[in-house]
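Spelled out from the first residue to the last, the chains are:
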Amino acid sequence: MEKQKAIAEAEKVLYKVYNRFPVVFDSGKGVKLYDTDGVEYLDFCAGIAVMGLGYDYPGFNDAVKAQIDKVYHLSNYFYNEPSIEAGEKLLKASGMDKVFFTNSGTEAIEGALKIAKRYAYNKGMGTDYEMIAMKHSFHGRSLGALSVTGNDHYQIPFAPLIPNIKFADFNDLDSVKALWNDKTCAVIMETIQGEGGIYPATEEFIKGVRALCDRSDALLILDEIQCGMGRSGSMFAWQGYGVKPDVMTTAKALGNGVPIGAFLAAGKAAMAMEPGDHGTTYGGNPLVCAAASKVLDIFEQDHIVDHVNEIGAYLWKKLDELKEKYDCIADHRGKGLIQGLEFTVPVGPIVSSALLEQKLVLISAGSNIIRFVPPLVIGEADVDEMVKRLEAAITETVK
Ligand SMILES: *Cc1c(COP(=O)(O)O)cnc(C)c1O
């Protein structure tokens, strides 16, 4: 379909909740995307931190295709081997005790919140407990996930949400302590805030919250949907802090684009819910689990996390140089291959120029932060090329 026609058709049929860029992507290879005119783009967005292995990673597509030809859906009332394999590999990678596969990140958050509620209920706290979430967090768009997402703009039109959620300041332990009382049953936060602007938790904060939870038998829920799966330079970002959550969520890069998420629980939290408490029709079906299982194999065999540490350091150095060079860049944050540059100006025009003129796919986080969440398999030449194109976009748009 011709591009303008495709865009017009899309606007006719798709519910308008996105302002999309005028690009129609058609295929991908490695860390490159191609539009319907065959134009090549360098992808530093990775479908928002999803395509960790990029497009067409050796062996991945074949593994998914092979499962399609065998069987790709069964009810969760029966066992299937791909889910056992994916589950075992995920537990091994995380050190958690139990896993539940979901269709998305948001749904993993829903399950994590239900564990916290059930755990409190089992303890005899009734239903009158409280949870603490963080300001500027992002946990998803369903009503439960939205309830713990500290963003008025997203929340207000959809009130009332789940009650008894209080919001603390991320990386401010005193603000958590100030909200704490004997009804507090859980704390939920991202280990590295993504949408909120790429803010890694400080070690002091995450350890402090862990200690508060331990003292009160409250659950620590860490959302690793964006920062997990090797992106931070550890398989899961919390592993780089020497703390362990009671419940964690993952999704995005878990299936390398095949829609699968998971919540995982450890210790007593892994036994809080009972048969009948939770379920899903599609979640954990053989197709998505075969994909996740293959992703986890590739991570191990091809040392993806080691690569992230190397190339993440290179990206860090290059973005630091940019920060020194341009007055409009105020801050540089992140870890591994989840990094952000905060600008003193709105980044919309830069991101748009990068895409449309420079053929570089980037995304923002908030109005003045550019977020770098490329495929984990990028090389130094990709970083150099990205920087060149980004500089051109900055010079073009920031006067
Ligand atoms: C993307 C994201 C979610 C929501 O995941 P979906 O798959 O879009 O439902 C939740 N938490 C974090 C930290 C995310 O980045």
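Fair warning: this is a prediction, and the values are worked out from it, not measured in the lab.

S.K.: Outline a negative patch on the surface, listing residues and values.
M.R.: A surface patch of negative charge is lined by Asp306, Glu310, Glu380 and Asp384. Structurally, the position occupied by Glu310 is in helix α11 (residues 304-325). For Glu310, a relative accessible area of 60% corresponds to the exposed category.

S.K.: Describe the pattern of salt bridges, naming the residues involved and giving the relevant values.
M.R.: Under the defined criterion, the tally for this structure stands at 23 salt bridges. Taking the shortest distance from any N to any O, the salt bridge between Asp56 and Lys29 comes out at 2.5 Å. On the criterion of sequence distance, the pair formed by Asp56 in the loop between α2 (46-49) and α3 (60-70) and Lys29 in strand β1 (residues 25-29) is long-range, its members being 27 residues apart. A relative accessible area of 35% means that Asp56 is categorised as partly exposed. One salt bridge in this structure joins Asp214 and Arg210, with 2.8 Å as the shortest N-O distance. Of this pair, Asp214 and Arg210 both sit in helix α9 (residues 203-216), separated by four residues, roughly a single helical turn. Look at the salt bridges and you will find they share partners, linking Arg118, Glu274 and Asp277 into a network.

S.K.: Describe the packing of aromatic side chains, naming the residues involved and giving the relevant values.
M.R.: Applying the stated criterion across every chain, the model contains four aromatic pairs. For the pair Phe138 and Tyr154, a centre-to-centre distance of 6.0 Å together with 75 degrees between the ring planes defines the contact as edge-to-face. Placement of Phe138 in the loop between β5 (130-134) and α6 (143-147) and of Tyr154 in helix α7 (residues 152-155) is noted, with a sequence separation of 16 residues between them. Given the relative accessible area of 23%, Tyr154 is considered partly exposed. Directly above the aromatic system of Tyr154 lies the positively charged group of Arg141, at a separation of 4.2 Å from the ring centroid.

S.K.: Run through helix α4 (residues 81-94), naming residues and quoting values.
M.R.: The end-to-end C-alpha distance of α4, which contains 14 residues, comes to 20 Å, matching closely the 20 Å that a straight helix rising 1.5 Å per residue would cover. For α4, the full list of buried residues reads Pro82, Ser83, Ala86, Gly87, Leu90 and Ser94. Taken around the axis of α4, the buried residues stretch over an arc of 125 degrees, which confines them to a single face. The outward face of α4, more than 90 degrees from its buried face, is lined by the exposed residues Glu81, Glu88 and Lys92. Structurally, α4 contributes buried residues whose contacts are with α3, β4 (98-102), β11 (247-250), β12 (261-265) and α10 (286-301). Of the residues one or two after α4, Gly95 is the one with positive phi, at around 75 degrees.

S.K.: Could you give an account of α10, with specific residues and numbers?
M.R.: Spanning 16 residues, α10 covers 22 Å between terminal C-alpha atoms, matching the ideal 22 Å at 1.5 Å per step. Most of α10 sits inside the fold, with 12 of its 16 residues counted as buried. The set of residues buried in α10 consists of Pro286, Leu287, Val288, Cys289, Ala290, Ala291, Ala292, Ser293, Val295, Leu296, Ile298 and Phe299. Contacts from the buried residues of α10 go to α3, α4, β4 and α11.

What counts and what doesn't
Residues numbered from 1 in each chain as written. Predicted model: local features only at pLDDT ≥ 70, side-chain atom pairs only at ≥ 80, totals over all residues. Heavy atoms only, no water. Patch = residues over 30% accessible without salt bridge, like charges linked within 9 Å, V, L, I, M, F, W, Y side chains within 5 Å. Areas by Shrake-Rupley, 256 points an atom, 1.4 Å probe, with all protein chains shown as cover. Salt bridge = Lys/Arg side-chain N within 4 Å of Asp/Glu carboxyl O. Lys, Arg positive; Asp, Glu negative; His and termini not counted. Charge placed at Lys NZ, Arg CZ, Asp CG, Glu CD. Helix = DSSP H or I, 4+ residues; strand = E, 2+ residues; numbered from the N terminus. Buried < 20%, exposed > 50% of the residue type's maximum accessible area, 1.4 Å probe, protein only. Phe/Tyr/Trp six-rings, centres within 6.5 Å; stacked < 30°, edge-to-face > 60°. Lys NZ or Arg CZ within 6 Å of the ring centre and 35° of its normal. Expected span 1.5 Å × (residues − 1). Arc of directions from axis to C-beta. Contact = heavy atoms within 4.5 Å.

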